[in-house]
Structures are given as C-alpha cells and as structure tokens.
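Descriptive analysis of the structure
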Amino acid sequence: MIDPLFISELFYSIQGESTWAGLPCAFIRLSGCNLRCRYCDASYTWEEPGTEMAIRDILDWVVKYPGVLTEITGGEPLLQDNIHLLTELLIDNGHKVLIETNGTISLENVHPQATVIMDIKCPESGMHDKVNLHNLDLLARRKEQGSRDELKFVLSSEQDFHWALETFREHRLDQLVPVLFSPITGLIDPRHLAELILAYQLPVRIQLQLHTLLWPNRNRGV
Ligand code: SF4
C-alpha cells in the first residue's frame, strides 16, 4: 500500500480539549504509543494493532466534514512518519489541522500551519522524564513562523500541580504559548485545581475534558 498509516479509529465529535474545545471536529486517531502513562484512557491505541489505511482513503473520509476542524491524535501520532504527508495534504485541501502529541518526539518536521497541542507529562503519569524539552525551543521557533501551538499539563494530584508550577516558571512558559492545566477525572477535584491556579495567580487555562462531560460512559469515538 502506498503511504499507509495505522489507524485506531476515525470519528466525528466535539473537540473536548485545548483552546479549540467545543467545536465540531473530525478525529484521525493513529495507533501505537511509545509511553505507558499510569492513567491512560486510550490503551486500545497501543494494545490493538490498528488498521492500515492509505492516505487517500483517510482524505476521502475527512472530506465528508468540510469546514470543521481536523485533529490527528493517538496514541502518539508522530511515531508514524506519514503523518507529515497527511498533514500537508489536509492543509493543502483547506482543513484546519490540530496535532495532539505526548511531547516525546521532535516537532522538527511538523507543518508550520498545523497547530500542535503538546503534553508535558507530570510525575504521576510515570513518564515525566520522557518529555523532549528541546521541543520548547522548537515551539518558540514555530511561533516566530506564525504557528499557534499550545502546551498541556495533565494533572493527577496536588503534587503534579506544584511540579507543573515549577516547570512553568523555570521555562517561562507564559512567554511561549497558551498553557492548559487539565485535571484527570476522579483523581484531582477540578474545583481544587481551580483554587490552586487562582491562589498562585497562574496565567494558565483550566480545561475540563468536554467530551467526557458530554459522554461520560463512552471511551471511544468521542
Ligand atoms: S501518551 Fe497518551 S496514549 Fe500514550 S500512554 Fe500516555 S495517555 Fe496513553
């Protein structure tokens, strides 16, 4: 097959995260992940092999949703090199493309017109030492080129909050891109996280996962 990608699922839903939350979105979820976060709610993306699809067939699916956001996610979508060709073709066809990444793979080859939503993994994920901090320099370079990227901390506890606070200050993230703090349902009370953000006067955006509020009993296709 020419230019294949391994797909976990294609679905149309409401964008639940990032500053784009609330908008209809066509999701391309690629299979495979190089991390094993303790709280992973998408383990099927790396436990199951995924379906091989040609880029042309993926584009044929996306064109059913003209004028809405397109997000490429995972798993870890940057593990598959053909993501760059898919991104280029989507952008050339007029789609607004978001790429959600766990932050461990270099952003060097990501299309400047795509919007990267990059995780910085916190300690309770068990994966915080895997984050590629050189990507922060690349985010700065992409910003100079006009990219509109975002950073996201997913928080499990107050300890994660304090680690994220230190990381935010150390790397002057307020100068870089919009920063999201996202509480994990059932692990940290969102109201407590909001109060911590207010107490420390942190210029970050608290983000509740809109899709899990709308469809609390579904873990795929939303
Ligand atoms: S990066 Fe995402 S898909 Fe991969 S293990 Fe962590 S939460 Fe799961």
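The preceding data block contains the structure.
Below you will find a few notes about this structure.

Conventions used here
- Per chain, the residues get numbers from 1 upward, laid out in the order the sequence is written.
- Thresholds applied to this predicted model are a pLDDT of at least 70 for local features of residues and 80 or more for the giving and counting of side-chain atom pairs; totals over whole chains, interfaces and linings are not thresholded and use all residues.
- Put plainly, a residue is buried at 20 or more neighbouring C-beta atoms within 10 Å of its own, exposed at 12 or fewer, and partly exposed in between, counting only other residues' C-beta atoms, which are placed from the backbone.
- In DSSP terms, a helix is any run of H or I states spanning at least four residues, a strand is any run of E spanning at least two, and both are numbered starting from the N terminus.
- Pairing between strands requires that DSSP locate at least two bridges from one strand to the other.
- The handedness rule is simple: strands pointing away from the viewer, and a clockwise path from the first strand over the helix to the second, make the crossover right-handed.

1. Examining the pairing of strand E8 (residues 179-183)
Of all five residues in E8, five are buried, a share of seventy percent or more. Bridging between strand E7 (residues 150-155) and E8 involves five bridges; their strand directions are parallel. What sits directly across from Lys152, in E8, is Leu180. One crossover worth recording links E7 to the parallel E8 by way of helix H5 (residues 158-170), and it is right-handed. Examined bridge by bridge, E8 and strand E9 (residues 205-206) share two bridges and lie parallel to one another. Counted as the bridge partner of Phe181 is Ile206 from E9. Crossover connection from E8 via helix H6 (residues 190-199) to parallel E9: handedness right-handed.

2. Comments concerning unusual backbone geometry
Residues Gly74 and Gly75 are joined by a peptide bond in cis, for which omega reads 15 degrees. Relative to the helices and strands, Gly75 is located in the loop between strand E4 (69-73) and helix H3 (83-92). One non-glycine residue, Arg172, lies in the positive phi region at around 50 degrees. Secondary-structure assignment places Arg172 in the loop between H5 and E8.

3. Considering the pairing of E4
Counting buried positions along E4 gives four out of five residues, so the element sits mostly inside the fold. Across five bridges, the pairing between strand E2 (residues 24-30) and E4 is parallel. Residue Arg29 lies in a different strand from E4, and its bridge partner there is Thr73. Where E4 lies against strand E5 (residues 97-101), three bridges are found, and the strand directions are parallel. Each bridged residue has a counterpart across the sheet, and for Thr70 the counterpart in E5 is Val97. For the crossover that starts at E4, traverses H3 and ends in the parallel E5, the hand is right-handed.

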